[in-house]
Amino acid sequence: MTVTNVSIQPHNGPSGINGWLILPLIGLLFAPFHYLLRFFSHVITYLTNNIWVTMIELDVSKGQQIFISVTIVVYSLILLLTAVISTILIFHFFKKKRTLPKNMILYYIATAACKIVFGFALFTYQIYYME
């Protein structure tokens, strides 16, 4: 009878992406494309729709012009930043970084907060300036 030596590798952590982890992965893989598509569609819309000429022709006050301009610029920058952050999270996901769960929670909270803030800004604008 022969005895073979089988070396057993110690299991030092997760070995693959299984179960529910596939759902956040799918969301992360599509997120950069989604945010970049939204960025370019908004930028093209704002640059070609003559929104600036329309504001001047309609005699929009300087306060409203500044509010609209700042909102457009900040929203565009947040879309780009979100695309970059989601790309970084994809790399952390595949490298199995231990900080990924905390970063994902912060990412989800930040995107939800931005949606609430911009929704509130749009709501406020419609109430006060669209009379």
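In this report, the structure presented in the accompanying data block is examined. Just so it is clear, the structure is predicted and the values come from calculations on it, not from any experiment. Throughout, a residue's number is its position along its own chain's written sequence, starting from 1. Given that the model is predicted, a residue must reach a pLDDT of at least 70 before its local features are reported, and side-chain atom pairs must reach 80 or more before they are shown or counted; all residues, however, enter totals for whole chains, interfaces and linings. Water and hydrogen atoms were dropped before computing side-chain values, which therefore reflect all heavy atoms in the structure.

### Digging into the overall build of the protein
Only DSSP runs of H or I with at least four residues qualify as helices, and only runs of E with at least two residues qualify as strands; both kinds are numbered from the N terminus onward. A tally of regular secondary structure across the protein gives four helices and zero strands. In the protein, the succession of α and β elements from N to C terminus is α-α-α-α. Within the protein, buried positions represent 22% of all 131 residues. Contacts are assigned to residue pairs with any non-hydrogen atoms lying within 4.5 Å of each other. At a minimum sequence separation of 6, the contacts of the protein that also span at least 24 residues come to 72%. The method behind every accessible area is Shrake-Rupley, applied with a 1.4 Å probe, and residues are considered shielded solely by the protein chains displayed. Counting only carbon and sulfur atoms, one obtains 71% of the accessible surface of the protein, whose full area is about 10,300 Å². Using a 1.4 Å probe on the protein chains alone, a residue whose accessible area is under 20% of its type maximum counts as buried, one over 50% counts as exposed, and one in between counts as partly exposed.

### Re the nonpolar core
The nonpolar core is taken to be a set of buried Ala, Val, Leu, Ile, Met, Phe, Trp, Tyr and Cys residues, with the residues joined through side-chain atoms within 4.5 Å. The biggest cluster of nonpolar side chains holds 15 residues, and the ones touching the most others in it are L28, Y35, L89 and Y107. Taken together, the elements giving at least two residues each to this core come down to α1 (22-48), α3 (62-95) and α4 (100-129). Residues in contact with L89, not counting those within four places in the same chain, are L28, L100, N103, M104 and Y107.

### Observations concerning a nonpolar patch on the surface
Patches draw on residues past 30% relative accessible area with no salt bridge. Two like charges within 9 Å are joined, as are two nonpolar side chains (Val, Leu, Ile, Met, Phe, Trp, Tyr) within 5 Å. By definition here, a salt bridge exists when the distance from a side-chain nitrogen of Lys or Arg to a carboxyl oxygen of Asp or Glu is within 4 Å. A contiguous nonpolar patch, built from I22, L23, I26, L29, F30 and F94 and spanning about 600 Å² of accessible area, is present on the exposed surface. Considering every element that reaches the nonpolar patch, the biggest residue donor is α1, with five residues. Within the element layout of this structure, I26 appears in helix α1. The partly exposed category is assigned to I26, whose relative accessible area is 41%.

### Re the packing of aromatic side chains
Working definition: rings of Phe, Tyr and Trp (its six-membered ring) pair if their centres are within 6.5 Å, and the pair is stacked with planes under 30 degrees apart, edge-to-face with planes over 60 apart, and tilted otherwise. Under the counting rule described, the total for this entry stands at four aromatic pairs. When the centroid spacing of 5.2 Å and the interplanar angle of 75 degrees are considered together, the rings of Y75 and F118 count as edge-to-face. With a gap of 43 residues between them, Y75 in helix α3 and F118 in helix α4 connect regions that are remote in the sequence. Both residues of the pair, Y75 and F118, belong to the buried class.

### Points about the environment of F118
F118 gets classed as buried once you look at its relative accessible area, which sits at 18%. Separated by 47 residues in the primary sequence, F118 and T71 have C-alpha atoms spaced 8.2 Å apart. The residues touching F118, leaving out its near neighbours within four places in the chain, are T71, V74, Y75 and I78.

### Quick look at α3
Here, expected helix span is obtained from the residue count minus one, scaled by 1.5 Å. A rise of 1.5 Å per residue sets the reference length of α3, with its 34 residues, at 50 Å; its end C-alpha atoms lie 49 Å apart and thus fit the reference within 8%. Just beyond α3, the residue with positive phi is K96, at close to 55 degrees.

### Observations regarding unusual backbone geometry
Of note, K96 is a non-glycine position whose phi angle comes to about 55 degrees, a positive value. Checked against the element boundaries, K96 lands in the loop between α3 and α4.

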